[in-house]
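Fold and geometry: a report
Residues per chain, in single letters:
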Amino acid sequence: EDPQSAEENGDCQPSPFGYKEVRILGNSWDSTVFVAWILQILLTEILHVPVSIESKERGSNVDFYDVGSRMDYSSVDGEVISLENSYLHKDCRTLQTHNSQPENPYIPCAHLSPEIWSDGDGDRIHLVDQGAVEPFQEMGALGEQYWFIPK
């Protein structure tokens, strides 16, 4: 998160589209983090849209531009609530003050999730019904789980 003075000091460029921030949800598996990084690089470097990656947990980081190159996977399941919070609050940065106080519970917030695994959870349908997200689409990848026992 850039300080308020970053733009004034010339440390960052304002978005020509007027975006203050787009927050992408980085879930706890490699494929979604890599897609989030690609989106972050394209939006930041080419379109000059400020982007951060939501990790769903205080103190964890999966941001591509993290100085320490950390890749902290969250143990929190916060996909649905992260998207719902962005619908309710619009600007995820408004939750930053609340989230910076250790005595407050962390409130995850993301505008985009590049990948959500469907597990029959009705909360996801609820987001579509209330207009918080676009209808979910299959992205061509199928996830399956099997026991593999070699002969």
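Whatever comes next refers back to the structure up there.
A brief structural summary. Not measured: the values here are computed from a predicted model. (Residues numbered from 1 in each chain as written. Predicted model: local features only at pLDDT ≥ 70, side-chain atom pairs only at ≥ 80, totals over all residues. Heavy atoms only, no water.)

Section: the environment of A6
In this fold, A6 is placed in the segment before β1 (22-25). With relative accessibility at 3%, the residue A6 sits in the buried group. If near-sequence neighbours (up to four positions away) are discounted, A6 is found in contact with D11 and C12. (Helix = DSSP H or I, 4+ residues; strand = E, 2+ residues; numbered from the N terminus. Buried < 20%, exposed > 50% of the residue type's maximum accessible area, 1.4 Å probe, protein only. Contact = heavy atoms within 4.5 Å.)

With respect to the pairing of β1
Burial along β1 is two-sided: the residues V22 and I24 and R23 and L25 are all buried. Pairing analysis gives four bridges linking β1 to strand β2 (residues 51-54), with the strands arranged parallel. When the bridges of β2 are listed, I24 appears paired with I53. Between the parallel pair β1 and β2, the chain is carried across by helix α1 (residues 30-46), and the sense of this crossover is right-handed. (Pairing = 2+ DSSP bridges. Right-handed = clockwise from strand over helix to strand, strands pointing away.)

Let's talk about a nonpolar patch on the surface
On the surface, F17, Y19, I38, L42, I46 and L47 cluster together into a nonpolar patch covering about 620 Å² of accessible area. Among the secondary structure elements, L47 is positioned in the loop between α1 and β2. (Patch = residues over 30% accessible without salt bridge, like charges linked within 9 Å, V, L, I, M, F, W, Y side chains within 5 Å. Areas by Shrake-Rupley, 256 points an atom, 1.4 Å probe, with all protein chains shown as cover. Salt bridge = Lys/Arg side-chain N within 4 Å of Asp/Glu carboxyl O.)

Considerations on the state of the cysteines
All told, the structure shown has one disulfide when counted by the stated rule. Each sulfur of the disulfide joining C92 and C109 lies 2.1 Å from the other. Taking the torsion about the sulfur-sulfur bond, which here is approximately -70 degrees, the covalent link between C92 and C109 counts as left-handed. With C92 in the loop between α2 (79-89) and α3 (96-100) and C109 in the loop between α3 and α4 (122-129), this residue pair connects regions lying 17 residues apart in the sequence. Considered together, C92 and C109 belong to a single accessibility category, that of buried residues. (Disulfide = S-S within 2.5 Å.)

Section: the packing of aromatic side chains
Per the stated rule, a full pass over the model turns up three aromatic pairs. Here K90 stacks its cationic end above the ring of Y87, 4.4 Å away from the centre of that ring. (Phe/Tyr/Trp six-rings, centres within 6.5 Å; stacked < 30°, edge-to-face > 60°. Lys NZ or Arg CZ within 6 Å of the ring centre and 35° of its normal.)

Considerations on the side chain of D63
Tracing the chain through its elements places D63 in the loop between β2 and α2. Despite its burial, D63 pairs with no opposite charge, the nearest such side chain being R23 at 8.5 Å. Once residues within four sequence positions are removed from consideration, D63 is found in contact with W37, Q40, V51, S52 and I53. (Lys, Arg positive; Asp, Glu negative; His and termini not counted.)

Here's the deal with α1
Counted at 1.5 Å a residue, the expected span for α1 with its 17 residues is 24 Å, and the 24 Å between its end C-alpha atoms agrees. Every buried residue of α1 is listed here: T32, V33, A36, W37, Q40 and L43. Relative to the axis of α1, the buried residues are bounded by an arc of 145 degrees and lie together on one face. Away from the buried face of α1 by more than 90 degrees, exposed residues I38 and I46 are located. In this structure, the buried residues of α1 make contact with β1 and β2. (Expected span 1.5 Å × (residues − 1). Arc of directions from axis to C-beta.)

Re the environment of R58
Inspection of the secondary structure assignment puts R58 in the loop between β2 and α2. Of the residues examined, R58 reaches a relative accessible area of 35% and is grouped as partly exposed. Separated by 50 residues in the primary sequence, R58 and P108 have C-alpha atoms spaced 8.8 Å apart.

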